[in-house]
Amino acid sequence: MYLALVALTLLAACVIVQSAGILLLIHWLARVREVLESPHVYRRVGLLLRVFVWIVLLHLTQVVLWAFVFFRAGELPNLETAVYFSLVTYTTIGFGDVVLGPGWRVLAGIEGLTGIVLIGWSTAFVFAIVNRMYEHWRQVHDPA
C-alpha cells in the first residue's frame, strides 16, 4: 500500500510539473505569436529550440523527482546512479544494468508508463506548434 501511494504521488507530481510547464509555454507563445508567423526561418527555428529546451528541462525535472525518491528510499547507492536509473526508465530505454529491489520494481514500470504518456503529450504539443507554423506559411504562400 505504501508503494502504491508513493507511485501515485510521483505520478501526480509529474503531471503537475508537466501541466505548469506547458501552460507557461502557452502563455509565452501567446506573447511571441509574431515569431510563429514570422517569414524569417531563423526566428522560427530559435522559437522551436527554446520550446525544445524548455520541454527537456520539464522532463529532466520529473526524472529527478523519481530519482530522489529512489535514492532517499535507499534503493540506489547514490544520487548519480538514481538519476541514471530514472532517466533510462522514464525514457523507456531500460538498459537493465541498474535494477531496484523487490517491491520497488513495480515503481520503475510506473515511471516508464508516466514517461511514455508525458513525452507523448510533449510531442503532441510540439506538433501543434509546427502545424500552426505550417498552416500560416501555407496561407501566405498558397492562398487558394
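Residues numbered from 1 in each chain as written. Predicted model: local features only at pLDDT ≥ 70, side-chain atom pairs only at ≥ 80, totals over all residues. Heavy atoms only, no water.

## Observations concerning unusual backbone geometry
Part 1 of the argument: One non-glycine residue with positive phi stands out, namely Thr92, at about 60°.
Part 2 of the argument: When you line up the elements, Thr92 lands in the loop between helix H4 (79–90) and helix H5 (105–141). (Helix = DSSP H or I, 4+ residues; strand = E, 2+ residues; numbered from the N terminus.)

## Looking at the pattern of salt bridges
Part 1 of the argument: A full pass over the atoms with the stated rule returns two salt bridges.
Part 2 of the argument: Ionic pairing is found between Glu37 and Arg132, a salt bridge with its closest N-O pair at 3.5 Å. Remark: Arg132 occurs in helix H5 and Glu37 occurs in the loop between helix H2 (33–36) and helix H3 (41–72); sequence separation between them is 95 residues.
Part 3 of the argument: Glu37 gets classed as partly exposed once you look at its relative accessible area, which sits at 30%.
Part 4 of the argument: A relative accessible area of 40% places Arg132 in the partly exposed class.
Part 5 of the argument: Residue Glu135 pairs with Arg138 through a salt bridge whose shortest N-O separation is 3.2 Å. Highlighted residues: Glu135 and Arg138, both in helix H5, separated by three residues, approximately one helical turn.
Part 6 of the argument: Judged by relative accessible area, which is 36%, Arg138 ranks as partly exposed. (Salt bridge = Lys/Arg side-chain N within 4 Å of Asp/Glu carboxyl O. Buried < 20%, exposed > 50% of the residue type's maximum accessible area, 1.4 Å probe, protein only.)

## Some thoughts on the packing of helix H1 (residues 2–31) against H5
When two helices pack together, their arrangement is captured by the angle between the axes and the distance separating the axes.
Part 1 of the argument: Close contact between H1 and H5 brings their axes to 10 Å; oriented N to C, the two are set at 10°. With respect to H5, the element H1 is oriented roughly parallel. When the axes of H1 and H5 are compared, the crossing they make is right-handed.
Part 2 of the argument: Here the contact of H1 with H5 is built from residues that sort into 17 nonpolar, four polar and no charged. (Axes fitted to C-alpha atoms, helices over the stretch in contact; angles between N-to-C directions. Parallel < 35°, antiparallel > 145°, perpendicular 65-115°, else oblique. Left-handed = near helix turned anticlockwise from the far one by under 90°. Nonpolar A, V, L, I, M, F, W, Y, C, P; charged D, E, K, R; others polar.)

## Comments concerning H4
Part 1 of the argument: Taking 1.5 Å per residue as the helical rise, H4 with its twelve residues ought to reach 16 Å, and the 16 Å between its terminal C-alpha atoms agrees with that figure.
Part 2 of the argument: Here H4 has its buried residues at Thr81, Ala82, Phe85, Ser86, Val88, Thr89 and Tyr90.
Part 3 of the argument: The secondary structure elements touched by the buried residues of H4 are H3 and H5.
Part 4 of the argument: The opening residue of H4 is Asn78, an N-cap whose side-chain oxygen sits 3.3 Å from the backbone nitrogen of Glu80.
Part 5 of the argument: Within two residues after H4, Thr92 carries a phi angle of roughly 60°, on the positive side. (Expected span 1.5 Å × (residues − 1). Contact = heavy atoms within 4.5 Å. Polar contact = N/O pair within 3.5 Å; in protein donor to acceptor, adjacent residues only side chain to side chain.)

## As for the nonpolar core
Part 1 of the argument: Trp66, Phe70, Leu76, Phe85, Leu100 and Leu107 are the most contacted members of the largest nonpolar core, which totals 18 residues.
Part 2 of the argument: For this core, the secondary structure elements donating two or more residues are H1, H3, H4 and H5.
Part 3 of the argument: Ranked by size, the runner-up nonpolar core spans 14 residues in total, among them Leu25, Leu29, Val35 and Val126. (Core = buried A, V, L, I, M, F, W, Y, C linked by side-chain atoms within 4.5 Å.)

## Here's the deal with a nonpolar patch on the surface
Part 1 of the argument: A surface patch of nonpolar side chains, amounting to about 700 Å² of accessible area, comprises Leu24, Leu49, Val53, Trp54, Val56, Leu57, Leu60 and Leu87.
Part 2 of the argument: Ranked by residues supplied to the nonpolar patch, first place goes to H3 with six residues.
Part 3 of the argument: Looking at the secondary structure, you find Trp54 in helix H3. (Patch = residues over 30% accessible without salt bridge, like charges linked within 9 Å, V, L, I, M, F, W, Y side chains within 5 Å. Areas by Shrake-Rupley, 256 points an atom, 1.4 Å probe, with all protein chains shown as cover.)

Read these as spatial facts, not as claims about activity.
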